[in-house]
Amino acid sequence: MSSRETVDFIYEAHERIKPFVHKTPVYTNTTFNNLIGKEAFFKCENLQKTGSFKARGALNTILKLKKSNPNLKGVVAYSSGNHGLATAWASRLAGVKCSVVVPKTTSEFKVTAVQGYGAEVVKCEYDPISRLEACETIATKEGYEIIHTSDHDDVIHGQGTIALELLQEVPDLDAILVSASGGGMISGIAIAAKATNKNIKIFMVEPKGKMAEESLRSGKRLWPNPPKFIDTIAEGLMSQQLGNLTFPIICRLVEKEVFTVGNEDIINGMVFSFRYMKMVIEAAAGATVAAAMSEKLKQMDPGIKKIGVILCGGNIDILKLPWYSST
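As the structure is a prediction and not an experimental result, all values here were calculated from the model. (Residues numbered from 1 in each chain as written. Predicted model: local features only at pLDDT ≥ 70, side-chain atom pairs only at ≥ 80, totals over all residues. Heavy atoms only, no water.)

*Asks:* So what exactly am I meant to see when it comes to the overall build of the chain here?
*Replies:* Tallying secondary structure elements over the chain gives 14 helices and 10 strands in all. Computed over its C-alpha atoms, the radius of gyration of the chain comes to 18 Å, within 12% of the 20 Å expected for a compact globule of 327 residues. Viewed in the frame of its principal axes, the chain has a C-alpha envelope of about 55 × 45 × 40 Å. Taken across its 327 residues, the chain has 58% of its residues classed as buried. Here the analysis covers contacts within the chain between residues at least 6 apart in sequence; of these, 74% occur between residues at least 24 apart. Just so you have it, the chain exposes about 13600 Å², and 50% of that area is on carbon and sulfur atoms. Mean positive and mean negative side-chain charge positions of the chain (38 and 34 charges, respectively) differ by 3 Å. (Helix = DSSP H or I, 4+ residues; strand = E, 2+ residues; numbered from the N terminus. Rg over C-alpha atoms; globule rule 2.2 N^0.38 Å. Buried < 20%, exposed > 50% of the residue type's maximum accessible area, 1.4 Å probe, protein only. Contact = heavy atoms within 4.5 Å. Areas by Shrake-Rupley, 256 points an atom, 1.4 Å probe, with all protein chains shown as cover. Lys, Arg positive; Asp, Glu negative; His and termini not counted. Charge placed at Lys NZ, Arg CZ, Asp CG, Glu CD.)

*Asks:* What should I look at first to understand the pattern of salt bridges in this one?
*Replies:* Oppositely charged side chains can form a pair if their charged atoms are brought close together. Scanning the entire structure with this criterion turns up 10 salt bridges. The closest approach of N and O atoms between Lys123 and Glu108, which form a salt bridge, is 2.8 Å. Separated by 15 residues along the polypeptide, Lys123 in strand β5 (residues 120–124) and Glu108 in helix α5 (residues 108–116) bring together distant segments of the chain. With relative accessibility at 39%, the residue Lys123 sits in the partly exposed group. Residue class for Glu108 comes out partly exposed when judged on its relative accessible area of 45%. Residue Arg217 pairs with Glu213 through a salt bridge whose shortest N-O separation is 3.0 Å. Note that Arg217 and Glu213 are positioned in helix α9 (residues 212–218) at a spacing of four residues, about one turn of the helix. The exposed category is assigned to Arg217, whose relative accessible area is 51%. (Salt bridge = Lys/Arg side-chain N within 4 Å of Asp/Glu carboxyl O.)

*Asks:* It is not clear to me how the nonpolar core should be interpreted in this structure. Could you clarify?
*Replies:* Burial of nonpolar side chains together is a common tendency in soluble globular proteins. Of all hydrophobic cores here, the largest spans 76 residues; its most connected members are Ile176, Ile202, Met204 and Ile307. By residue number, the principal contributor to this core is helix α12 (residues 283–293), which donates eight residues. Ranked by size, the runner-up nonpolar core spans 26 residues in total, among them Ala77, Ala86, Val100 and Val114. (Core = buried A, V, L, I, M, F, W, Y, C linked by side-chain atoms within 4.5 Å.)

*Asks:* Explain empty space enclosed by the protein to me, please; I cannot follow it from the model alone.
*Replies:* A water-sized probe, rolled over the atoms, reveals where empty space remains. Tallying each qualifying case throughout the model produces one cavity of 30 Å³ or more. Quantified by volume, the largest cavity comes out at close to 30 Å³. Considering the residues around the largest cavity, the lining is formed by Phe9, Glu12, Ala13, Arg16, Asn60, Lys64, Asp154 and His157. Broken down by secondary-structure element, the contributors of at least two residues to the lining of the largest cavity are α1 (8–17), α3 (54–68) and α7 (153–169). (1 Å grid on protein atoms, 1.4 Å probe; cavity = no way out; pocket = protein on both sides within 12 Å on 5 of 7 lines; lining within 4 Å. Points joined across faces, edges and corners; volume = space filled by probe spheres on them.)

*Asks:* Can you walk me through the pairing of strand β4 (residues 97–103) in this structure?
*Replies:* For a regular strand, side chains alternate in direction, first toward one face of the sheet and then toward the other. Counting buried residues in β4 gives six out of seven residues, a clear majority hidden from the surface. In the sheet, strand β3 (residues 74–78) pairs with β4 via five bridges, with the strands oriented parallel. Looking at β4, one finds that Tyr78 is bridged to Val101. The pairing of β4 with β5 spans five bridges and is classified as parallel. Of the residues in β5, the one forming a bridge with Ser99 is Glu120. Once the chain exits β4 it traverses α5 before rejoining the sheet at β5, and the crossover so formed is right-handed. (Pairing = 2+ DSSP bridges. Right-handed = clockwise from strand over helix to strand, strands pointing away.)

*Asks:* What exactly am I supposed to notice about helix α8 (residues 184–196) here?
*Replies:* Given 3.6 residues to a turn, an α-helix orients residues that are three or four positions apart in the same direction. With 13 residues, α8 extends 19 Å from end C-alpha to end C-alpha; this agrees with the ideal 18 Å at 1.5 Å per step. The buried fraction of α8 amounts to 10 of the 13 residues, a majority that puts the element mostly inside the structure. Looking at α8, one finds that the buried residues are Gly184, Met185, Ile186, Ser187, Gly188, Ile189, Ala190, Ile191, Ala192 and Ala193. Its buried side turned inward, α8 meets α1, α7, β7 (175–179), β8 (201–207), α10 (246–253) and β10 (306–311). (Expected span 1.5 Å × (residues − 1).)

*Asks:* What's the story with the layout of surface pockets in this structure? I'm lost.
*Replies:* When its volume is computed, the largest pocket comes out at roughly 750 Å³. Lining the largest pocket are 41 residues; nearest its centre among them are Arg131, Thr149, Ser150, Gly182 and Ser239. At the level of secondary structure, the elements contributing two or more residues to the lining of the largest pocket comprise α4 (82–94), α6 (128–142) and α8. The greatest single-element share of the lining of the largest pocket, amounting to four residues, is contributed by α6. When grouped by side-chain class, the residues that make up the lining of the largest pocket number 15 nonpolar, 19 polar and seven charged. (Nonpolar A, V, L, I, M, F, W, Y, C, P; charged D, E, K, R; others polar.)

*Asks:* Is there a simple way to explain the state of the cysteines in this structure?
*Replies:* Disulfides are covalent bonds that link the sulfur atoms of two cysteine residues. If you walk through the whole model with that rule in mind, you get zero disulfides. For the unlinked cysteine Cys44, the closest cysteine sulfur is that of Cys312, found at 11 Å. You can call Cys44 buried: its relative accessible area is 0%. (Disulfide = S-S within 2.5 Å.)

In structure tokens form, the structure reads like this:
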């Protein structure tokens, strides 16, 4: 185990950020439990500051940076939306300047929200290389620090605070379902959860096209290069590749069996949440609901009776819901 995988860093992160973030509620739904034949506990990060879990990692990273460098000029992040929004919010709270690089396809709903926190928005081409290059250019020109979306120790530790809170409330969970893009959230959750209960199972949820299971089973990065975005309605899960820091953590701590969901599955998960739970969630969170509803989960070890489901965010334009635009 590397030093970055020790849970102490996550406890430190929790103490650092808890005065500023919400301890989000854990909800249950009898209709959902009856549907899946298990008990589901929804960790509602859609109700978090800025509307997603990303507030935790961004704030932890920026507060640490500001403490180590009181003269921090500013920060820059690249993001499809939620990480940029969280970085803009955390920067304003810490009193530092902020720029956010987003793909040109990012919804105006998210762009306007980022600008609302006083951050500069810079648009780039729709591919991972372009957004990283744009980010590095700004960092060099302005002397800003880059706040990575997931592949950074302090970001991972901030996201891991989700599991601390969830397991404080429901300590006897058998498994947790977590959607993954770069893998910062699932890495942090896995570190914290496994330190609390070595027998708990952490399952990755991915959109079709990510193809993570083969890489996890082999322990090798089998994705084609250069990195690309995948075609999914889940803006927060566009990255095909897991991060260089997160991948080995995930290989060691996360189950090799991955839940893969398509756009129709994601929409079904979102519709259930809206209709029966009265929860506004975005597509990346709909993916975990869909995984919990899947036949795959029903056919797994019957000993998996109590599951945590991470509702990672709620930043969706309710005037452009995917079940309307897809018909």
